[in-house]
Amino acid sequence: MMRVLRGHVAILPLIAVAACTGGDKSATVDSTTGSDPQVTSNAATGSASVSGAQIAVPHAGPPGEWQMPAGDYASSRYSELATITPQNVPNLKVAWAFSTGVLRGHEGQPLVVNNTMYVVTPYPNVSYAIDLAQTGQPLKWKFRPVNSQQAIGKACCDVVNRGATYADGKIFYNLLDGHTIAVDAATGNQVWRTKMGDLSRGETITMAPIVVKGKVIVGSSGGEMGVRGWIAALDEATGKEVWRAYNIGPDKDVKVGPKFKTFYAHDRGKDLGATSWPGETWKTGGGAVWGWLSYDPALNLIYHGTSNPGPWNENQRTGDNKWTAAILARDADTGEMVWALQVTPHDMWDYDAVNENILVDLPIKGQTRKVLVHFDRNGFGYTIDRATGEILLAEPFVPMNWSTGIDMTTGRPKVVETKKTAQDKNVKDICPSLEGGKNHQPAAFSPQTGLFYVPTNNLCMDFQARAVTYIAGTPFIGGNAPEKGGPGGYRGEFMAWDATTGKKIWGIKEPYPVWGGALATAGGVVFYGTLDGWFKAADARTGKVLWQFKVGSGVVGNPVTYTGPDGKQYVAIYAGIGGDMGMLIAGDVAANLPYDVRERGTTLPDIARWTSWGGELFVFSL
């Protein structure tokens, strides 16, 4: 995705104001009305459950810890902890809080291992170890890595970091300037540091790594800078690169070989990562991996998405532009591609496919299928066979008009001709906008209900492509795309989705895009945060909002839950508006960002009435 930041942003003091309320407010209010956003959660539309659904991979470590970004390799963001229930969740209170000392977008989540909480901030990517076993939660250590300030001007869509992962006594995370580091979890000493990206070309790293079979898996950012996207594996002990696979280019670079058995015929052929581009335009074609990673140990497959092709101007890159805007499955040992599904061939709307791939076993048409569920930027919710890449089901989960559906024979979307973009043509009212039906904000899955809990956007855009010239390390976009609210008078919705039928079960409409992630728990409660600074708990079966708390800044991060040394269940969330939604288009919350592709302050004109920058961790308990 994205828009590019230039220059430095003034650092403003954080003034945090908190308030707590319980119960469900049922009136639906559009964000342009000026009404208080706290009264916008609308009534649930129904309740249902899917029996026999299971998470494909168990939770990492003890149930009371949170060792990986999503809690497990399946990207479920589900916890077996059940002390907090619909009956007692209205009694949640702040247990303690911690200032990160950093402004900008807090898009990640903390980790909890051995009664220690690990926090990683946006740039400059400071990490903290917080002692949960002592009153007052003192620091065990603080580590501030060497991190080039030049990265601030290269990074698209704010200087975010989507979190760390833990394995074998070490904390692994990425730096904005293109390095991956390992830090000793006990001491805070740096174990190793490896340069992975070329900052001079616009390569930065914002994604959260995972560790698979002793290898740290990392992907690149920079799709709007004309980078050539890649994913790589580093030796966990030494930081030495084990393998690297590009997502565009010849087969040998993309690691397409004998193992590649893609499901759809049009995805078969030699060097498609190059021949589906005109000339050598693939060398600056994007396809970055700035989103989430999943892993199936039984199949030994890593799943990841790829970003938009570059530039946005589709006239400069005719063809399918493989393997951008795609979901890829790779052998964890070698990086070899096993299957690929390009969900938006020849993407001309900035519909990155980097969103999470949730690995579950679901009953479909009387048979339990091993599937991957993916809520794409393009607005379709996909249920896919995770061994083969076959689409089993694909239905819109948000209002859309660029496509009339998916051709189940080819797996390709049926594109509406009047919504195709072209150079120097202003195409009006494309839904969803370039922010997608869902962006990076991760969904969660509960095996109790068999439902997926999805934070979504409801935005549309006008799109005008223009010619652009590639200059290394500078924006390579070629388009303008002012946004507006989608149909229905709301700009976001938190919903429950049945991936066996492709239907929404219930939804909570919000005045702004729901830009924070979801958490599902065995207690029957789901949690999410809002751009206007509310952290909410809802009944997993009915969608009734049971509790909400006004944190100090808009929520763009992801909640986690853990067991404290006292045996109590805690829930933690970052407050700190930023990222693409909170940074670039939030009215006077935004700074001077001359490379924004939208009209300043038009998408969310009043968000600054409800929130300001600030970085803080909030922890709640009964």
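Residues numbered from 1 in each chain as written. Predicted model: local features only at pLDDT ≥ 70, side-chain atom pairs only at ≥ 80, totals over all residues. Heavy atoms only, no water.

Draft legend 1. Inspection of the sheet that holds strand E20 (residues 337-342) at higher detail. Strands sit in the order E17-E18-E19-E20 across an open sheet of 4 strands; the sheet is antiparallel. A strand with exactly one partner marks an edge of an open sheet, and here the two such strands are strand E17 (293-296) and E20. Averaged over all neighbouring strand pairs, the angle between strand axes comes to 15°, with direction disregarded. Summarising the sheet, strand E18 (residues 301-305) and strand E19 (residues 326-331) pair through 5 bridges and their orientation is antiparallel. Each residue of the ladder has a partner; that of Leu301, found in E19, is Asp331. (Pairing = 2+ DSSP bridges. Helix = DSSP H or I, 4+ residues; strand = E, 2+ residues; numbered from the N terminus. Axes fitted to C-alpha atoms, helices over the stretch in contact; angles between N-to-C directions.)

Draft legend 2. Representation of the pattern of salt bridges within the structure. Taken as a whole, this structure holds 31 salt bridges when the rule is applied. When salt bridges with common partners are traced through the structure, they connect Asp267, Asp320, Lys322 and Arg412 into a single cluster. (Salt bridge = Lys/Arg side-chain N within 4 Å of Asp/Glu carboxyl O.)

Draft legend 3. Molecular detail of the sheet that holds strand E41 (residues 616-621). Strands sit in the order E4-E41-E40-E39 across an open sheet of 4 strands; the sheet is antiparallel. Looking at strand neighbours, the two that pair on one side only are strand E4 (93-99) and strand E39 (560-563), the edges of this open sheet. Each strand axis lies, on average, 25° off the axis of its neighbour in the sheet, ignoring direction. Sheet topology places E39 next to strand E40 (residues 569-575); 4 bridges connect them, and they run antiparallel. Each bridged residue has a counterpart across the sheet, and for Thr563 the counterpart in E40 is Gln569.

Draft legend 4. Quick look at the environment of Asn401. Take Asn401: it is sitting in the loop between strand E24 (391-396) and strand E25 (403-406). Exposure remark for Asn401: the relative accessible area of 25% places this residue in the partly exposed category. For the pair Asn401 and Ile430, spaced 29 residues apart in sequence, the C-alpha to C-alpha distance is 6.5 Å. One polar contact links the side chain of Asn401 to the main-chain carbonyl oxygen of Asp429, over a distance of 3.0 Å. A polar side-chain atom of Asn401 sits 2.9 Å from the main-chain amide nitrogen of Cys431. (Buried < 20%, exposed > 50% of the residue type's maximum accessible area, 1.4 Å probe, protein only. Polar contact = N/O pair within 3.5 Å; in protein donor to acceptor, adjacent residues only side chain to side chain.)

Draft legend 5. Just the confidence of the model for the protein, in detail. On average, the protein scores 91 in pLDDT, and the residues at 70 or more come to 89%. Here residues 586-594 is modelled with pLDDT under 50, and outside its nearest four sequence neighbours on either side it reaches 28 contacts, counting other chains as well. (pLDDT = per-residue confidence, 0-100. Contact = heavy atoms within 4.5 Å.)

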